[in-house]
Amino acid sequence: MTEKSSHAQHADRIADIWGTRTPHASGTQWPARVDQYLADGLTAADVDRWVRSACLLCSNGCGVEIAVRDGRIVGVRGRPEDRVNHGRLGPKGLYGWQGQQRDRLTTPLIRRNGQLVETDWETAMTAVVQRSRTLLDTKGPLSHGFFTSGQLMSEEYYTLAMIGKGGIGTPHMDGNTRWCTSTAAAAFQETFGCDGQPGSYTDIDSCDAIFLYGHNVAETQTVLWARMLDRLDGADPPRLVCVDPRRTKVAERATVHLPLRNGTNLALMNALVHELIANGFVDEDYVAAHTVGIDALEELTRDTTPEWAAEICDVPADDIRRAAEIFGTSKRVVSTVSMGFYQSHQATAASCQVNNMHLLRGMIGRPGAGVLQMNGQPTAQNNRECGCGPALPGFRNWANPEHVAELAALWNVDPLAIPHWAPPTDAMTMFRYAEQGSIGFLWIAGTNPGVSMPDLARVRRILSGDQCFVVVSDGYRTETTELADVVLPTALWAEKTGTHTNVDRTVHLSEQAVQPPGQARSDLAIWIDYARRLGLTDKDGGPLPPWNTPAEAFEAWQRCSAGRPVDYTGLSYELLHEHGGIQWPCNTAVPAGTERLYADGVFPTDAQYCQSYGHDLATGAPVTETQYRATDPAGRAILKAAAYEPAYELPDDHYPLRLTTGRTVYHWHTRTKTARAPQLQQAAPSMWLEVSRQDAKQYGVAEGDIVRVTSRRGSLEAPARISHVREGVVFGPWHYGDDPINELTLNAWDPISRQPEFKVAAVALERVRAGDGPAPAPTNTASAPANGEGRS
Ligand SMILES: Nc1nc2c(c(=O)[nH]1)N[C@H]1C(S)=C(S)[C@@H](COP(=O)(O)OP(=O)(O)OC[C@H]3O[C@@H](n4cnc5c(=O)[nH]c(N)nc54)[C@H](O)[C@@H]3O)O[C@H]1N2
Ligand SMILES: Nc1nc2c(c(=O)[nH]1)N[C@H]1C(S)=C(S)[C@@H](COP(=O)(O)OP(=O)(O)OC[C@H]3O[C@@H](n4cnc5c(=O)[nH]c(N)nc54)[C@H](O)[C@@H]3O)O[C@H]1N2
Ligand code: SF4
Ligand SMILES: [Mo]
């Protein structure tokens, strides 16, 4: 591990987002740098105790210690020995905790005569359980839906997985992970037969090239970008390729930036694969030994030349060639894929092409060479692993009766109780059922769909209607709690103990540091209470779930993971406390965890072992068990592809521009925490819209002018930032619930991952009036003004 740095740096991660560089050469260790922030001028001497944890404000999962004084959090510092961050923290990690100390929900709320009023737990839970019981008795399990999160703990997901799938028996379980990482999960299953990140963050430390696909890592995983910057500024820097319609900070450092039209990713990917094959950049031996499907891939990409893609994507063919050449001539490449790819109409097919490029070059499972299909949320991975969403726990295959029987035996329930007669329901369909009323009981926990879902006007209608009883568990009042029938106040990070897993399979233990405010309780405690009141039991009449505490839930989850790719059996709270982050699988064979998957070139595609039989990438039609067994890849990876199709909504005379949406470095999603952290809120106080210099000129828009952007579903006014977004594209952050850009986005999704299309909608732009100065957008990020001016 890294050398312990003797003193922590009091950091300013607002002006200096990534902090001081610690450059290093390829293959050497990333130096430690400890970032610390203590509030109110306190010093380390004022701190009563430091509690071990990991940051929960993105999927990077940086190791942190929480400073506690008089029973309150007063600051944080990075853990230098942690494999993920070597001591560093970014803006949200350093300041975000302050948001947890303001405006918290401290009592349950219940709707009486149309108004939410304060109540006690007994009244609130009685109302929840009565409605639940009545519907179960009259309509059965299909009347129930659970819509959860990528921000709870493993222990909580596993508990609800057992309640929903083993106790109630509903297939309607999904999370906001559907908006976030369902494409990562899907791409892994299509290519490798099972979810699970093959690569490791240490690959950054020795790679020859980095490819970032629709990933603004500089703002969305700032510490991972610091790790990349330290290579870029060191000896033998890697070459960098960035695929993003905006000139992000990543793009500014790129060897090749491909600012493609949003919605055209698959055309580019098919051209890159074409180039690898056409130029003989293929490791024939690896492909022959470890993959199936090369002939079909060759056939599909035969005519997808750089010239062909250049027309569609509007980037120079020579740049596509250069990018392919960088991939083809580097020995070790790390690729990352994120929302610019995932939130689009051919998300899974485009992401699978990234997997394919690595397989074609045999660049998987060895140091410096790996794919990172990113997660965004800190615990999205755990929702997938523990089976709280569409997956069955332990990456089991719902279509494989033996996997279902195994789970039923573990839970001591009848296999028929576990829903597996049809594919699990995705969140978009769950909301459709709630709209129609066939789901009459919807429990939303750890997500704020009143801001984050596409086509918001419809979402608000669904949640506020009488056809569905809505329970919301949250730490704050939000746009969504305001539409609920019952609101339950929850403990947040640092107010409960639990484990979570970052992008590179690193498991952390976040330990409770302080008491939750008022009557707030953990999601785990709430769900156990619900199960007990509902009287859920196993086959022998024992309580289901049979546990009460996080530690017991963790042990149960470990048993469930045994023998599956996601094996946690070698971990324990004690080990995680002592050591910090450890990568799964971790068991007696690999007690220190596993740096990379698939080092032996054997993939979990065996028909008996795989998590999914996969889909046709063009249509989304599932491959049946019989079809799959007929050509059992038996341990080889599957090279899958599909032909490019244009996005669902294309510019026309009425809506001539392409809207895309995304994030800024200072805010977390719907800002329940970051709007309440003064430094972060001040850095990006309110909504803006980004337009290119060319479009600004054409529409007569000056910096800060109020513009209106209109799609077929809604419109929004905000100050314009004239930025480095590509011509023809309007970019807007989706953080601001008062000015929600999701009123403009559309109800459409990728056919396999069913992840919604947040990144392309056709819009019209008009200037409304002059503003009062430059737009309130950050100036040190991708939103920087094109003319170098703007608020500083
Ligand atoms: N500061 C901050 N960090 C976060 C979060 C946050 O809210 N704030 N959220 C976390 C979560 S849950 C997630 S999912 C991740 C998301 O992390 P990212 O995926 O990095 O974030 P986004 O800003 O949604 O989108 C990334 C980039 O996609 C580009 N893009 C838009 N359309 C297209 C397209 O059609 N093709 C391509 N190639 N690119 C396109 C955008 O210009 C944008 O720069 O961030 C995590 N980290
Ligand atoms: N237009 C557009 N829309 C998008 C995206 C985009 O790029 N563009 N990105 C999508 C993506 S990737 C994501 S991940 C989603 C995120 O969308 P949301 O999940 O709706 O966003 P958050 O603000 O993170 O909401 C999480 C909620 O959980 C609460 N919470 C936090 N911790 C806990 C806890 O321990 N227990 C409970 N019960 N509650 C807790 C928070 O207070 C907050 O209200 O948005 C999606 N929406
Ligand atoms: S990079 Fe992510 S995990 Fe690390 S400090 Fe920042 S928000 Fe937290
Ligand atoms: Mo996400």
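As the structure is a prediction and not an experimental result, all values here were calculated from the model. (Residues numbered from 1 in each chain as written. Chains lettered and ligands numbered in written order. Predicted model: local features only at pLDDT ≥ 70, side-chain atom pairs only at ≥ 80, totals over all residues. Heavy atoms only, no water.)

Looking at the site of ligand 3
- Close to ligand 3 lie Cys 55, Leu 57, Cys 58, Asn 60, Gly 61, Cys 62, Leu 89, Gly 90, Lys 92, Gly 93, Thr 222 and Val 223, which account for all nearby residues.
- Broken down by secondary-structure element, the contributors of at least two residues to the shell around ligand 3 are helix 1 (91–95) and helix 7 (222–232).
- Tallied by class, the residues present in the shell around ligand 3 amount to six nonpolar, five polar and one charged. (Near = heavy atom within 4 Å. Helix = DSSP H or I, 4+ residues; strand = E, 2+ residues; numbered from the N terminus. Nonpolar A, V, L, I, M, F, W, Y, C, P; charged D, E, K, R; others polar.)

Digging into the nonpolar core
- Grouped together as the largest cluster of nonpolar side chains are 123 residues, with contacts concentrated most on Tyr 213, Trp 443 and Tyr 530.
- Sorting elements by how many residues they give to this core places helix 9 (residues 265–278) first, with eight residues.
- Beyond its immediate chain neighbours, meaning those up to four positions away, Tyr 213 contacts Val 243, Met 269, Leu 272, Ser 335, Thr 336, Val 337, Ser 338, Phe 341, Val 354 and Met 357.
- Counting residues in each nonpolar core, the second largest holds 84 residues, with Leu 229, Val 665, Ala 718 and Ala 786 among its members. (Core = buried A, V, L, I, M, F, W, Y, C linked by side-chain atoms within 4.5 Å. Buried < 20%, exposed > 50% of the residue type's maximum accessible area, 1.4 Å probe, protein only. Contact = heavy atoms within 4.5 Å.)

Description of the packing of helix 5 (residues 182–192) against helix 15 (residues 347–360)
- Here helix 5 crosses helix 15 at 50°, and the two axes come no closer than 9 Å. In this view, helix 5 runs oblique relative to helix 15, as classed from their interaxial angle. Between helix 5 and helix 15 lies a crossing whose hand is right-handed. Across the interface between the two elements, Thr 183, Ala 186, Ala 187, Phe 188, Glu 190, Thr 191 and Phe 192 of helix 5 pack against Ala 347, Thr 348, Ser 351, Cys 352, Asn 355 and Leu 359 of helix 15.
- Looking at the contact of helix 5 with helix 15, its residues break down into seven nonpolar, five polar and one charged. (Axes fitted to C-alpha atoms, helices over the stretch in contact; angles between N-to-C directions. Parallel < 35°, antiparallel > 145°, perpendicular 65-115°, else oblique. Left-handed = near helix turned anticlockwise from the far one by under 90°.)

Overview of the site of ligand 1
- Taken together, 34 residues are adjacent to ligand 1, and Thr 220, Asp 244, Ser 338, Arg 663 and His 667 come closest.
- A distance of 3.0 Å separates a nitrogen atom of ligand 1 from a polar backbone atom of Val 665.
- A distance of 3.0 Å is found between an oxygen atom of ligand 1 and a backbone nitrogen or oxygen belonging to His 669.
- In isolation ligand 1 exposes 910 Å². Once the protein is present, 100% of that is buried.
- Looking at the shell around ligand 1, the elements with two or more residues in it are helix 6 (217–220), helix 14 (339–342) and strand 23 (657–662).
- When residues of the shell around ligand 1 are assigned to their parent elements, the largest contribution, three residues, is made by helix 14. (Polar contact = N/O pair within 3.5 Å; in protein donor to acceptor, adjacent residues only side chain to side chain. Areas by Shrake-Rupley, 256 points an atom, 1.4 Å probe, with all protein chains shown as cover.)

What to know about the environment of Ser 206
- Relative to the helices and strands, Ser 206 is located in the loop between helix 5 and strand 10 (209–213).
- For Ser 206 and Ser 753, which are 547 residues apart along the polypeptide, the C-alpha to C-alpha distance reads 32 Å.

Examining the UniProt feature "domain: 4Fe-4S Mo/W bis-MGD-type" (unreviewed entry) in the protein
- Under the UniProt annotation, "domain: 4Fe-4S Mo/W bis-MGD-type" (unreviewed entry) lies at residues 48–104.
- Secondary structure across residues 48–104 comprises 9% helix and 35% strand; the distance between its end C-alpha atoms is 24 Å. (UniProt positions renumbered as here; feature names shortened; annotations may be inferred.)

Quick word on helix 12 (residues 306–313)
- When we look at burial in helix 12, the residues that qualify are Pro 306, Ala 309, Ala 310, Ile 312 and Cys 313. Buried positions in helix 12, seen along its axis, are confined to an arc of 165° and lie on one side of it.
- Buried residues along helix 12 sit in contact with helix 9 and helix 13 (317–329).
- At the C-terminal side of helix 12, Asp 314 shows a positive phi close to 60°. (Arc of directions from axis to C-beta.)

Examining the environment of Gly 440
- Position of Gly 440 among the secondary structure elements: in the loop between helix 18 (427–436) and strand 16 (441–445).
- Sequence separation between Gly 440 and Gly 773 is 333 residues; the distance between their C-alpha atoms is 49 Å.

Thoughts on the sheet that holds strand 21 (residues 582–583)
- On the basis of which strands lie adjacent, the open sheet formed by three strands has the order 19-20-21 and antiparallel pairing. The sheet is open, and its two borders are formed by strand 19 (498–501) and strand 21, each paired with just one other strand.
- Bridge analysis of strand 20 (residues 506–510) against strand 21 gives two bridges, and the strand direction is antiparallel. From the neighbouring strand, Thr 506 faces strand 21, where its bridge partner is Gln 583. (Pairing = 2+ DSSP bridges.)

Section: the sheet that holds strand 10
- Within the open sheet, the five strands sit side by side as 12-11-10-14-15. Their pairing is parallel. Of all strands in the sheet, those bounded by a partner on one side alone are strand 12 (256–258) and strand 15 (370–373). On average, each strand axis in the sheet is inclined to that of its neighbour by 10°, with strand direction left out of account.
- Pairing analysis gives four bridges linking strand 14 (residues 333–337) to strand 15, with the strands arranged parallel. For Val 337, the partnering residue across the bridge sits in strand 15 and is Gln 373.
- Docked against the sheet, helix 13 engages strand 10, strand 11 (239–243), strand 12 and strand 14, running at close to 125° with respect to strand 12.

Things to note about the layout of surface pockets
- By volume, the largest pocket is sized at about 1000 Å³.
- Around the largest pocket sit 46 residues that line it, and Pro 390, Trp 398, Pro 423, Pro 424 and His 615 are the ones nearest its centre.
- Going through the elements one at a time, helix 4 (177–180), helix 5, helix 16 (380–386) and helix 18 are the ones with two or more residues in the lining of the largest pocket.
- By residue number, the principal contributor to the lining of the largest pocket is helix 5, which donates five residues.
- Broken down by class, the residue content of the lining of the largest pocket amounts to 19 nonpolar, 18 polar and nine charged. (1 Å grid on protein atoms, 1.4 Å probe; cavity = no way out; pocket = protein on both sides within 12 Å on 5 of 7 lines; lining within 4 Å. Points joined across faces, edges and corners; volume = space filled by probe spheres on them.)

Here's the deal with the pairing of strand 20
- Counting buried residues along strand 20, five of its five residues qualify, which places the element largely inside the surrounding structure.
- In this structure, strand 19 lies alongside strand 20, joined through four bridges in antiparallel fashion. Following the sheet pairing, His 500 is matched in strand 20 by His 508.
- Here strand 19 folds back onto strand 20 in antiparallel fashion, the turn holding four residues, of which Arg 505 has a positive phi close to 65°.

Observations concerning the packing of aromatic side chains
- Following the criterion strictly, the structure yields 29 aromatic pairs and no others.
- Ring geometry for Phe 441 and Trp 443: centres 6.4 Å apart, planes at 75°, overall edge-to-face.
- Residue placement shows Arg 564 over the ring face of Tyr 609; its charged tip is 4.7 Å from the ring centre. (Phe/Tyr/Trp six-rings, centres within 6.5 Å; stacked < 30°, edge-to-face > 60°. Lys NZ or Arg CZ within 6 Å of the ring centre and 35° of its normal.)

Section: the side chain of Asp 474
- Positionally, Asp 474 belongs in strand 17 (residues 469–474).
- Of the side chains with opposite charge, Arg 104 comes closest to the buried, unpaired Asp 474, at an N-O distance of 7.1 Å.
- Within the structure, Asp 474 has its side chain in polar contact with the backbone nitrogen of Tyr 476 (distance 3.0 Å).
- Excluding its chain neighbours within four sequence positions, the residues that come into contact with Asp 474 are Leu 105, Thr 447, Thr 481, Leu 488, Pro 489 and Thr 490. (Lys, Arg positive; Asp, Glu negative; His and termini not counted. Salt bridge = Lys/Arg side-chain N within 4 Å of Asp/Glu carboxyl O.)

Quick notes on the packing of helix 3 (residues 154–168) against helix 21 (residues 523–534)
- Remark: helix 3 packs on helix 21, axes separated minimally by 9 Å, with the N-to-C direction vectors making an angle of 20°. The orientation of helix 3 relative to helix 21 falls into the category roughly parallel. Considering how the two elements wind past one another, helix 3 and helix 21 form a crossing that is left-handed. Here helix 3 contributes Glu 155, Glu 156, Thr 159, Leu 160, Ile 163 and Ile 168 to the contact with helix 21, which in turn contributes Asp 523, Leu 524, Trp 527, Ile 528, Tyr 530, Ala 531 and Leu 534.

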